[in-house]
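Given next are the chains, with one letter for each unit.
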Amino acid sequence: MTKRVDIVEVGPRDGLQNDPADLSVSQKLEFIERLQDCGVKRMESGSFVSPKAVPKMAESAEVFAGIARREGVRHIGLALNEKGVRRAIDAGADEINFVMVAGEAFGQRNQGMSPQDSADELAQCAPLVHQAGLPLSASIAVAFGDPYDGLIAKGVVGGLAARAQRAGVAEVAIADTIGVADPWSVEALVDEVRLYAPDVYLRAHFHDTRNTGLANVAAAIRAEVDVIDASCGGIGGCPFAPKATGNIATEDVVYMLERAGFETGLDLSKLIETACWLERVLKHPVPSALLKAGAFPS
Ligand code: COA
Ligand code: ZN
């Protein structure tokens with residue numbers, strides 16, 4: 001039996017939020033349209049945060065309003081506070097992804113919150129999302145390490161996942177925001193989070209900052225996490241993480257998984273074409289390996 005792995009495309013949000021290029025709303029919409037053509041069924045299409053903090057996401061409401069919606073495709077709005085959740089719901093997001101934070105120092109810089117504050121804010125926001133009838137997921141940022149505070153105790157991440165479960169969150173993403181995880185720490189953290197929050201579905205989010213991204217995906221799948229975030233072209237990074245680099249590239253993840261016999265439902269050649277298009281509109285090379293090497297067998 002072929003095992004399915006679902007990929008959440010985060011290029012239009014995590015990918016573009018820190019890119020030096022300033023895409024227009026219509027270019028962002030073309031990116032989203034191309035990703036829909038690739039078969040993407042869930043994508044983070046924008047975030048609803050302070051435009052002063054992340055200017056590249058200031059036009060997310062216009063982006064959501066312009067998306068040519070397709071049956072069965074969910075466009076996720078990212079939010080970090082109540083104002084963001086309300087804006088995302090009003091903009092027509094199909095799902096809300098709320099960001100909790102595992103590190104104190106990064107939390108203050110990224111969102112003006114401690115880990116505890118982010119869990120309290122989520123508890124306050126969850127009923128709004130549920131009343132709107134939308135699915136709610138939560139990402140735990142810097143789950144493997146904080147760029148300022150260093151290592152994060154696994155129990156802190158587990159405790160946040162437990163708070164998310166109590167708030168009625170259906171899916172929790174363990175996010176390696178600064179790309180410091182290794183495959184063994186991925187398996188250990190997944191096991192730990194399952195002890196604290198046995199009822200939530202797990203998702204994994206990796207940045208390839210130290211070349212461990214795809215190995216971490218393999219480890220997450222071995223640990224039976226079957227929803228993976230990835231960004232077309234491998235673009236992205238957090239503006240509040242020094243030396244941040246991109247997410248693992250969607251086409252690289254799809255190639256690895258499909259070579260190994262997994263099914264993703266995504267069209268690899270269209271993803272490569274989209275990464276190629278991205279290089280043209282961003283006007284710089286993107287990290288994707290498949291864009292350089294092509295698929296095999298061709
Ligand atoms: N959307 C738009 N504006 C927002 C907002 C939101 N979700 N939340 C707050 N603001 C505005 C307030 O209205 C206020 O505006 P004003 O100065 O014109 O009065 C200002 O931002 C400050 O509000 P405050 O509640 O004090 O927020 P803050 O300054 O503590 O910032 C966040 C909190 C979360 C809004 C901010 O840190 C942020 O946007 N961070 C984004 C981080 C991010 O996206 N990282 C990458 C993804 S993880
Ligand atoms: Zn990220």
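Scroll up to find the structure this text is about.
Residues numbered from 1 in each chain as written. Chains lettered and ligands numbered in written order. Predicted model: local features only at pLDDT ≥ 70, side-chain atom pairs only at ≥ 80, totals over all residues. Heavy atoms only, no water.

Enquirer: Would you take a moment to explain the packing of aromatic side chains for this structure?
Expert: Two measures describe an aromatic ring pair: the distance that separates the ring centres and the angle between the ring planes. In total, this model carries 3 aromatic pairs according to the counting rule given. Seen in terms of ring centroids, Phe 48 and Phe 64 are 5.4 Å apart; in terms of plane orientation they differ by 55°. Their pairing is tilted. Of the two residues, Phe 48 is situated in the loop between β2 (42–47) and α3 (60–66) and Phe 64 in helix α3; the sequence distance between them amounts to 16 residues. For Phe 64, a relative accessible area of 2% gives the class buried. Seen in terms of ring centroids, Phe 144 and Phe 206 are 6.4 Å apart; in terms of plane orientation they differ by 45°. Their pairing is tilted. Here Phe 206 lies in strand β7 (residues 201–206) and Phe 144 lies in the loop between β5 (136–141) and α7 (154–166), a separation of 62 residues in the sequence. The exposure class assigned to Phe 144 is buried, which follows from its relative accessible area of 11%. Classification of Phe 206 as buried rests on a relative accessible area of 1%. (Phe/Tyr/Trp six-rings, centres within 6.5 Å; stacked < 30°, edge-to-face > 60°. Helix = DSSP H or I, 4+ residues; strand = E, 2+ residues; numbered from the N terminus. Buried < 20%, exposed > 50% of the residue type's maximum accessible area, 1.4 Å probe, protein only.)

Enquirer: Is there a simple way to explain the coordination of the zinc ion (ligand 2) in this structure?
Expert: Six octahedral donors around a metal ideally subtend angles of 90 or 180 degrees, whereas four tetrahedral donors ideally subtend 109.5 degrees. Taken together, the protein ligands of the zinc ion (ligand 2) are Asp 14 (OD), His 205 (NE2) and His 207 (NE2), with distances of 2.0 to 2.1 Å. One chain supplies every donor for the zinc ion (ligand 2), spaced along it as D-x190-H-x1-H. Taken together, the residues Asp 14 in helix α1 (residues 11–17) and His 205 in strand β7 connect sequence positions 191 residues apart. The buried category is assigned to His 205, whose relative accessible area is 5%. (Donors = N, O, S within 2.8 Å, 3.2 Å for Na, K, Ca; no water.)

Enquirer: I would appreciate a short explanation of the sheet that holds strand β8 (residues 227–230) in the present structure.
Expert: Neighbouring strands of a sheet are bound in pairs by backbone hydrogen bonds; such pairs are parallel or else antiparallel. Reading around the circumference, β1-β2-β3-β4-β5-β6-β7-β8 is the order of the 8 strands in this closed barrel, with parallel pairing throughout. Between one strand and the next, the sheet's axes are offset by a mean angle of 30°, whatever the strand orientation. Relative to strand β3 (residues 74–79), β2 runs parallel, the two being bridged by 5 bridges. Paired with Met 43 across the strands is His 75, a residue of β3. Sitting on the sheet, helix α10 (residues 250–259) is in contact with β1 (6–9) and β8, with an inclination near 175° to β1. (Pairing = 2+ DSSP bridges. Axes fitted to C-alpha atoms, helices over the stretch in contact; angles between N-to-C directions. Contact = heavy atoms within 4.5 Å.)

Enquirer: I'm lost on the pairing of β2 in this one. Help?
Expert: Sheet faces and side chains relate simply in a regular strand, where the side chains alternate between the two faces. The buried fraction of β2 amounts to 6 of the 6 residues, a majority that puts the element mostly inside the structure. A crossover connection joins β2 to the parallel β3 through α3; in handedness this β-α-β unit is right-handed. (Right-handed = clockwise from strand over helix to strand, strands pointing away.)

Enquirer: Any chance you could explain the site of ligand 1 here in plain terms?
Expert: The immediate surroundings of ligand 1 are formed by 18 residues, with Ser 50, Asn 81, Lys 83, Arg 87 and Asn 110 found nearest. At a separation of 3.1 Å, a nitrogen atom of ligand 1 approaches a polar backbone atom of Gly 84. Contact distances for ligand 1 include 2.8 Å between a nitrogen atom and a side-chain N or O atom of Arg 87. Contact with the protein chains removes 63% of the 930 Å² of surface that ligand 1 exposes when unbound. If you list the elements that add at least two residues to the shell around ligand 1, you get α1, α4 (82–91) and α5 (104–111). If one sorts the elements of the shell around ligand 1 by residue count, α4 sits on top with 3 residues. Here the residues of the shell around ligand 1 sort into 8 nonpolar, 6 polar and 4 charged. (Near = heavy atom within 4 Å. Polar contact = N/O pair within 3.5 Å; in protein donor to acceptor, adjacent residues only side chain to side chain. Areas by Shrake-Rupley, 256 points an atom, 1.4 Å probe, with all protein chains shown as cover. Nonpolar A, V, L, I, M, F, W, Y, C, P; charged D, E, K, R; others polar.)

Enquirer: I would appreciate a short explanation of the side chain of Ser 60 in the present structure.
Expert: The topology assignment puts Ser 60 in helix α3. Residue contacts for Ser 60: discarding those within four places in its chain leaves Gly 46, Ser 47 and Phe 48.

Enquirer: How do you make sense of the environment of Gln 116 when you look at a structure like this?
Expert: Locating Gln 116 in the fold gives a position in helix α6 (residues 115–131). For the pair Gln 116 and Thr 245, spaced 129 residues apart in sequence, the C-alpha to C-alpha distance is 27 Å.

Enquirer: Help me understand the packing of helix α8 (residues 183–196) against helix α9 (residues 213–222) in this model?
Expert: At their nearest, the axes of α8 and α9 sit 8 Å apart, and the two run at 35° to each other. As for the relative orientation of α8 and α9, their crossing is right-handed in sense. On α9, the residues that touch Pro 183, Val 186 and Glu 187 of α8 are Ala 215, Asn 216, Ala 219, Ala 220 and Arg 222. Along the lines of polarity and charge, the residues of the contact of α8 with α9 split into 5 nonpolar, 1 polar and 2 charged. (Left-handed = near helix turned anticlockwise from the far one by under 90°.)

Enquirer: Would you mind showing me how to read the packing of helix α2 (residues 25–37) against helix α11 (residues 268–282) here?
Expert: Angle between the axes and distance between the axes are the two parameters that describe a pair of packed helices. Between α2 and α11, whose axes approach to 9 Å, the crossing angle comes to 165°. Classified by the angle their axes make, α2 and α11 are roughly antiparallel. α2 and α11 meet at a crossing whose hand is left-handed. Residue-level inspection shows Gln 27, Glu 30, Phe 31, Arg 34, Leu 35 and Asp 37 of α2 in contact with α11, the latter providing Lys 270, Leu 271, Glu 273, Thr 274, Trp 277, Leu 278 and Val 281. Class assignment for the residues of the contact of α2 with α11 results in 6 nonpolar, 2 polar and 5 charged. (Parallel < 35°, antiparallel > 145°, perpendicular 65-115°, else oblique.)

Enquirer: Explain the nonpolar core to me, please; I cannot follow it from the model alone.
Expert: The nonpolar side chains of soluble globular proteins are, as a tendency, buried together. Ile 96, Met 100, Leu 122, Ile 140 and Leu 282 are the most contacted members of the largest nonpolar core, which has 94 residues in total. It is α11 that contributes the most residues to this core, 8 residues altogether. The residues contacting Ile 140, other than those within four sequence positions of it, are Met 100, Ala 102, Val 157, Leu 160, Ala 161, Val 172, Ala 173, Ile 174 and Ala 175. (Core = buried A, V, L, I, M, F, W, Y, C linked by side-chain atoms within 4.5 Å.)

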